[in-house]
Amino acid sequence: MNRFLCIAFLMMCISCSQRENIVSISGRKIVLNDSPYIIKGICYHPVSKGSSQRSFETLTQDLDLMNEAGINTIRLYSPIDDKAVLDEIHQAGIKVIVGFGYNQNGYFDILSGSFIDYITKYKSHPAILFWELGNEYNYHPEWFEGDMANWYHALNHAAKKVHAIDDQHPVATAHGELPDSLAMSICTDIDIWGMNVYRWDDPTGVFTEWKAISDKPMYLSEAGADSYMTISKLGYKQGENQVAQADATEKILTSIFEHKDICAGVALFAFADEFWKAGNSNTQDPGGWAPNSSGVPYDGAPNEEYWGIVDIERNKKDAFYIVKEQYKESKR
């Protein structure tokens, strides 16, 4: 092969590689390389026992478990500035939703503008599904001088900045519950609305409510149940209760996949139990608190260290098998 043919072939390969990760929007659908993409996802923030810092020391094991469960998407609360980690996730056939915070002391955050540096650096990485700005900040007006319009204007401005440098990935936000008219009127440059929804074991209502106010794609950026019952209720005994978590997870996922015409999928909360959230980080403790969380099945209490579909040692809980059935075996 002569030099000119070699160059042409190389350019063609580069072009094909770039085209292999084009994410777009078509009506209510997320589209990956011309095919509708349903998010069969998991929220992922791995923190080892005794620590409060994210670590990817169990990444290979975690990705194997995710593949077994049929998970195709990881939702991150903070960017991964490590190409080797992103490469391994891509090699496992899993996409990433990269979340950016507003004020993270300058670590790729919106306030400093450094999030754009991250997008510039990684926008061509094949693991990226889309960018996500903020996580249920509507529950924290105190962070924005008591006026949520301040956040929504910052959010929309950030979305515009992303669109200016990356035309191959949409921009989302993760909103606490259904966005109100203020959010919708200001945030016109948001392509996908993620919603953290805890409506017991049936999120069905949010889909019809969304359909009535928008024709954009939406997905549940958080949904699920924990495996601890603070009280005995509805036949579920107090204490650690994997059956309650599994039952709720099955009903929630069934509702989501029955409404694929409106909902583009879910990032189930969460992959592994997190010992750092309440009490001693070396032990698993009941307790913890989350805003607007009274809809957590089946006790109305979010025991923050018990949300994993695997425990901290990566033993599979009952809910893992429900996720596997819903994500993989059902071929949805």
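Rules and cut-offs
- Within each chain, residues carry numbers counting from 1 in the order of the written sequence.
- Where totals are concerned, whole chains, interfaces and linings use all residues; where local detail is concerned, this predicted model gives features only for residues with pLDDT of at least 70, and gives and counts side-chain atom pairs only at 80 or more.
- Side-chain calculation: all heavy atoms of the structure are included, whereas hydrogens and water are not.
- Helix and strand assignments come from DSSP, with helices taken as H or I runs of at least 4 residues and strands as E runs of at least 2, each series counted from the N terminus.
- What the globule rule says is 2.2 Å times the number of residues to the power 0.38, and the radius of gyration is computed from C-alpha atoms.
- Here the term buried applies to any residue with accessible area under 20% of the maximum for its type, exposed to any over 50%, and partly exposed to those in between, with areas from a 1.4 Å probe on protein chains only.
- The criterion used for residue contact is that any of the two residues' heavy atoms lie within 4.5 Å.
- Salt bridge, as applied in this entry: a Lys or Arg side-chain nitrogen positioned within 4 Å of an Asp or Glu carboxyl oxygen.
- Each pair of strands is called paired provided DSSP finds at least two bridges between the two strands.
- Pairing of N or O atoms within 3.5 Å defines a polar contact, subject to two protein rules: one partner must be a possible hydrogen donor and the other a possible acceptor, and residues neighboring in sequence count only if both atoms are side-chain atoms.
- Any two of the Phe, Tyr and Trp rings considered here, Trp counted by its six-membered ring, make a pair once their centres fall within 6.5 Å; the pair's planes then place it as stacked at under 30 degrees, edge-to-face at over 60, or tilted in between.
- Fitting a line to C-alpha atoms yields each axis, with helices limited to the stretch in contact; the angle taken between N-to-C directions then spans 0 to 180 degrees.
- Crossovers are described as right-handed under a simple rule: with the strands pointing away from the observer, the path leading from the first strand over the helix to the second runs clockwise.

**Student:** What is the right way to look at the overall build of the protein chain in this model?
**Tutor:** Helix and strand counts for the protein chain come out as nine helices and 13 strands. The globule rule puts the C-alpha radius of gyration for 332 residues at 20 Å, and the 20 Å found for the protein chain is close to it. Projected onto its principal axes, the C-alpha coordinates of the protein chain cover approximately 75 × 45 × 40 Å. When each of the 332 residues of the protein chain is scored for burial, the buried share is 53%. The long-range share in the protein chain, meaning contacts at least 24 apart out of those at least 6 apart in sequence, stands at 67%.

**Student:** Can you walk me through the pattern of salt bridges in this structure?
**Tutor:** A side chain with one charge may pair with a side chain of the opposite charge, provided their charged atoms come close. Scanning the model with the defined rule gives 14 salt bridges in all. Across the pair Lys324 and Glu68 runs a salt bridge whose closest N-O atoms are separated by 3.3 Å. Taken together, the residues Lys324 in helix α9 (residues 318-329) and Glu68 in helix α2 (residues 59-69) connect sequence positions 256 residues apart. The class of Glu68 is partly exposed, set by a relative accessible area of 23%. Among the salt bridges present, the one from Asp81 reaches Lys121, with a minimum N-O distance of 2.9 Å. Of the two residues, Asp81 is situated in the loop between β5 (73-75) and α3 (83-91) and Lys121 in helix α4 (residues 115-122); the sequence distance between them amounts to 40 residues. Note on Asp81: relative accessible area 34%, which makes it partly exposed.

**Student:** Explain the sheet that holds strand β3 (residues 35-36) to me, please; I cannot follow it from the model alone.
**Tutor:** Note: strands within a sheet are paired through backbone hydrogen bonds, in either parallel or antiparallel orientation. Read across the sheet, three strands follow the order β1-β2-β3 without closing on themselves; strand pairing throughout is antiparallel. Both edges of this open sheet fall to β1 (23-26) and β3, since each of them pairs with a single strand only. Sheet topology places strand β2 (residues 29-32) next to β3; two bridges connect them, and they run antiparallel. Looking at the pairing, Leu32 lines up with Ser35 of β3.

**Student:** What's the story with the environment of Ser221 in this structure? I'm lost.
**Tutor:** In this fold, Ser221 is placed in strand β10 (residues 218-222). Judged by relative accessible area, which is 0%, Ser221 ranks as buried. Through-space distance from the C-alpha of Ser221 to that of His125 is 22 Å; in sequence the pair is 96 residues apart. Once residues within four sequence positions are removed from consideration, Ser221 is found in contact with Cys43, Arg75, Glu132, Ala174, Gly194, Met195, Asn196 and Ala267. At a separation of 2.6 Å, a polar atom in the side chain of Ser221 contacts the side chain of Asn196.

**Student:** Where do I start with the packing of aromatic side chains in this structure?
**Tutor:** All chains considered together, the criterion is met by 24 aromatic pairs. Residues Phe144 and Trp151 carry aromatic rings whose centres are separated by 5.5 Å and whose planes lie at 35° to one another, so their mutual orientation is tilted. Judged by its relative accessible area of 4%, Phe144 falls in the buried class.

**Student:** Looking at this structure, I do not really get the sheet that holds strand β9 (residues 192-196). What am I missing?
**Tutor:** Strand order in this closed barrel of eight strands is β4-β5-β6-β7-β8-β9-β10-β13, and the pairing throughout is parallel. With strand direction ignored, the average angle separating the axes of adjacent strands in the sheet is 25°. Pairing analysis gives four bridges linking strand β4 (residues 39-43) to strand β13 (residues 263-268), with the strands arranged parallel. Across the sheet, Ile42 pairs through a bridge with Leu268, a residue of β13. The strands touched by helix α8 (residues 242-257) within the sheet are β4, β10 and β13, with β13 carrying the most contacts at an inclination of about 155°.

**Student:** Please clarify how the pairing of β9 should be interpreted in this entry.
**Tutor:** Within a regular strand, the side chains alternate between the two sheet faces. For β9, the buried fraction is high: five of the five residues fall into the buried class. Side chains of β9 alternate between two faces, with Ile192, Gly194 and Asn196 and Trp193 and Met195 buried alike. For the crossover that starts at strand β8 (residues 171-176), traverses helix α6 (residues 181-186) and ends in the parallel β9, the hand is right-handed. Strand direction decides the pairing type here: β9 and β10, joined by four bridges, are parallel. Within β10, the residue paired with Asn196 across the bridge is Glu222.

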